[in-house]
Amino acid sequence: MYDAIIVGARCAGAPTAMNLARRGHRVLLVDRARFPSDTLSTHALNPEAVARLKGWGLLGRVLEAGSRPIRQFELHCGDVHVAMPTPPGEAIILCPRRTVLDNILVAVAREAGVEVREEFSVRDLMRDDSGRVTGIAGVDEHGDAVYENARIVIGADGRNSIVARQVDAEKYQQLPGLTCGYYSYFEGFDDGDAMRVQFDRNRAIFVFPTNHGQTCLGVEYQRHRWQALRADVDGHLQQAYEDVGLGQVYRKATRVERWLGMISPEWYYRRPFGPGWALVGDAGYLKDPVLGMGINDAFRDSDNLVDALDAVFTGNKEYDEALSAYQQQRDSASFMVNQVNYEFSKLEVTPDMVRMLQMMIVAEPAA
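Residues numbered from 1 in each chain as written. Predicted model: local features only at pLDDT ≥ 70, side-chain atom pairs only at ≥ 80, totals over all residues. Heavy atoms only, no water.

Details of the overall build of the protein
For step 1, the next point in the chain: Within the protein, the regular secondary structure consists of 11 helices and 19 strands.
For step 2, the next point in the chain: Here the C-alpha coordinates of the protein stretch approximately 65 × 45 × 40 Å along the principal axes.
For step 3, the next point in the chain: Across the 367 residues of the protein, 58% fall into the buried class.
For step 4, the next point in the chain: The long-range share in the protein, meaning contacts at least 24 apart out of those at least 6 apart in sequence, stands at 72%.
For step 5, the next point in the chain: Accessible surface, the protein as shown: approximately 15400 Å² in total, 47% of it carbon and sulfur.
For step 6, the next point in the chain: In the protein, 40 positive and 50 negative side-chain charges are present, and the distance between their average locations comes to 2 Å. (Helix = DSSP H or I, 4+ residues; strand = E, 2+ residues; numbered from the N terminus. Buried < 20%, exposed > 50% of the residue type's maximum accessible area, 1.4 Å probe, protein only. Contact = heavy atoms within 4.5 Å. Areas by Shrake-Rupley, 256 points an atom, 1.4 Å probe, with all protein chains shown as cover. Lys, Arg positive; Asp, Glu negative; His and termini not counted. Charge placed at Lys NZ, Arg CZ, Asp CG, Glu CD.)

Right, dumping it as structure tokens:
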């Protein structure tokens, strides 16, 4: 009998498992993937997220794995060019590859005492006579049927979360997805070490310095341009970088991996808990990647969920009280940035919007 079974071992699930185990709780962490494993991602970790890595004792490992410390974030729109250095001291920005970051998170969860099962597919949730979730039914890496019980099952398995589907988690504050885009990894993109987002002609153009000298380059377009974009990804991306004055450096760079593309799905909040279950990360709250807040929100919500569950497991709080507070923390912390993110995802960005975002970022203290 586990205290918690966590489905999904990436940026939401692995830290949740790690920190519950560090507090003395018995945790099983399962994932369909075998790590290291890639996934669609914006890569960005702002100073608050980096501070969480440091607090968990993981920042050194992420840096040692070749992630470049970034000390300036640039926003461009029209004639407005805003360069925002990170705060003095150790605060930095990172854009690690998910093959690197997730692998470290899973490894450290193991070191903390978490039982990790990779290539494990959850097929169903188990319930008692009252309907309370009591565990999982799945198939392990050998194809054998497995049944495990826990005090709580946590869905950290993204927007297609089987946990969220099985419990029919209520959605609210839903919004339509408005964008589409592609990105890939390049060597030889010699444009400094700043993280850059440039808004131009209903596009968002990204430059994310990542591991081992590579740079993640990508563009988001309005959703109606998907068919034209996918018909000529190379042509559209090259033109986008030409239009913002980065054409020469883009042409000198070499793409070293395939293009990865997506159409932005529906936005939502899901009710993140119920009898015997909880949600964290994209499983519980999804938005467009245009401002790159997904990993930051996953880290924050993971910490808050761990606090709530530790209070329950140690008898200091009742389940509904603790998990209701977790939901309120998540929603209040994300509400304003979610609204701003939605306006930016329309890709009708003006210089005044960039100035407003600058003021928000400068005013937001690093945790």
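Looking at the nonpolar core
For step 1, the next point in the chain: Core analysis: the biggest nonpolar cluster contains 52 residues, and L53, I154, F299 and L323 have the highest contact counts within it.
For step 2, the next point in the chain: Apart from the residues lying within four places of it in its own chain, the contact partners of F299 are C11, P15, L45, A49, R52, L53, W56, L101 and L105.
For step 3, the next point in the chain: Core analysis: the second largest hydrophobic core is formed by 34 residues, F208, Y285, L291 and M353 among them. (Core = buried A, V, L, I, M, F, W, Y, C linked by side-chain atoms within 4.5 Å.)

Comments concerning the environment of L246
For step 1, the next point in the chain: On the secondary structure map, L246 appears in the loop between α7 (233-243) and α8 (247-252).
For step 2, the next point in the chain: As for L246 and N316, which are separated by 70 residues in sequence, their C-alpha atoms are 56 Å apart.
For step 3, the next point in the chain: When residues no more than four places from it in sequence are discounted, the contact partners of L246 are F189, D191, R196, V207 and Y241.

Regarding the packing of helix α1 (residues 13-22) against helix α4 (residues 98-111)
For step 1, the next point in the chain: Packing of α1 against α4 brings their axes to within 9 Å, and their N-to-C directions diverge by 20°. In terms of orientation, α1 lies roughly parallel with respect to α4. As for the relative orientation of α1 and α4, their crossing is left-handed in sense. Of the residues in α4, those touching α1 at A14, P15, M18 and R22 are L105, V106, V108 and A109.
For step 2, the next point in the chain: Residue classes in the contact of α1 with α4 are distributed as seven nonpolar, no polar and one charged. (Axes fitted to C-alpha atoms, helices over the stretch in contact; angles between N-to-C directions. Parallel < 35°, antiparallel > 145°, perpendicular 65-115°, else oblique. Left-handed = near helix turned anticlockwise from the far one by under 90°. Nonpolar A, V, L, I, M, F, W, Y, C, P; charged D, E, K, R; others polar.)

A word on the pairing of strand β2 (residues 27-30)
For step 1, the next point in the chain: Residue alternation in β2 divides its side chains into two sets, V27 and L29 and L28 and V30, and both sets are buried.
For step 2, the next point in the chain: Remark: the strand β1 (residues 2-7)/α1/β2 crossover connection has right-handed handedness.
For step 3, the next point in the chain: Sheet analysis places β2 next to strand β5 (residues 115-117), joined by three bridges and oriented parallel. In the strand pairing of β5, L28 is matched with E115. (Right-handed = clockwise from strand over helix to strand, strands pointing away. Pairing = 2+ DSSP bridges.)

Side note on the pattern of salt bridges
For step 1, the next point in the chain: Evaluation of the coordinates by the stated rule reveals 32 salt bridges.
For step 2, the next point in the chain: Across the salt bridge formed by D191 and R196, the nearest N and O atoms sit 3.1 Å from each other.
For step 3, the next point in the chain: Residue D191 is classed as partly exposed on the basis of its relative accessible area of 25%.
For step 4, the next point in the chain: Here the salt bridges share partners, and the residues they tie into one network are R34, R110, E118, E119 and E141. (Salt bridge = Lys/Arg side-chain N within 4 Å of Asp/Glu carboxyl O.)

Structural notes on the state of the cysteines
For step 1, the next point in the chain: Across all of its chains, the model carries zero disulfides by this definition.
For step 2, the next point in the chain: No disulfide involves C95; its sulfur sits 8.1 Å from that of C216, the nearest cysteine.
For step 3, the next point in the chain: By relative accessible area, which is 1% here, C95 ends up buried. (Disulfide = S-S within 2.5 Å.)

Notes on the side chain of S41
For step 1, the next point in the chain: Tracing the backbone shows S41 in the loop between β2 and α2 (47-55).
For step 2, the next point in the chain: By relative accessible area, which is 10% here, S41 ends up buried.
For step 3, the next point in the chain: A polar atom in the side chain of S41 sits 3.2 Å from the side chain of R98. (Polar contact = N/O pair within 3.5 Å; in protein donor to acceptor, adjacent residues only side chain to side chain.)

Observations concerning the packing of aromatic side chains
For step 1, the next point in the chain: Under the definition given, this model contains 13 aromatic pairs.
For step 2, the next point in the chain: Aromatic side chains F206 and F208 sit 5.7 Å apart centroid to centroid with 55° between the ring planes, which places their arrangement in the tilted category. Considered together, F206 and F208 belong to a single accessibility category, that of buried residues.
For step 3, the next point in the chain: In this structure, R132 packs its charged tip against the face of Y319, placed 5.3 Å from the ring centre. (Phe/Tyr/Trp six-rings, centres within 6.5 Å; stacked < 30°, edge-to-face > 60°. Lys NZ or Arg CZ within 6 Å of the ring centre and 35° of its normal.)

Let's talk about the environment of M293
For step 1, the next point in the chain: For M293, the location among the structural elements is in the loop between β19 (285-286) and α9 (294-313).
For step 2, the next point in the chain: Placed 290 residues apart in sequence, M293 and D3 show a C-alpha to C-alpha distance of 29 Å.
For step 3, the next point in the chain: Setting aside its immediate chain neighbours within four residues, M293 contacts N46, K287 and V337.

So, the sheet that holds strand β9 (residues 171-175)
For step 1, the next point in the chain: Taken together, the three strands give an open sheet; going across it, the order is β9-β16-β19, and neighbouring strands pair in antiparallel fashion. Looking along the sheet, the strands with just one partner apiece sit at the ends: β9 and β19.
For step 2, the next point in the chain: Sheet topology note: the β9/strand β16 (residues 267-270) ladder contains three bridges and is antiparallel. For Y172, the partnering residue across the bridge sits in β16 and is Y269.
For step 3, the next point in the chain: Helix-sheet contacts for helix α10 (residues 319-345) involve β9, β16 and β19, and the interaxial angle to β16 is about 175°.

Thoughts on unusual backbone geometry
For step 1, the next point in the chain: F35 connects to P36 through a cis peptide bond whose omega is 5°.
For step 2, the next point in the chain: Mapped onto the elements, P36 comes out in the loop between β2 and α2.

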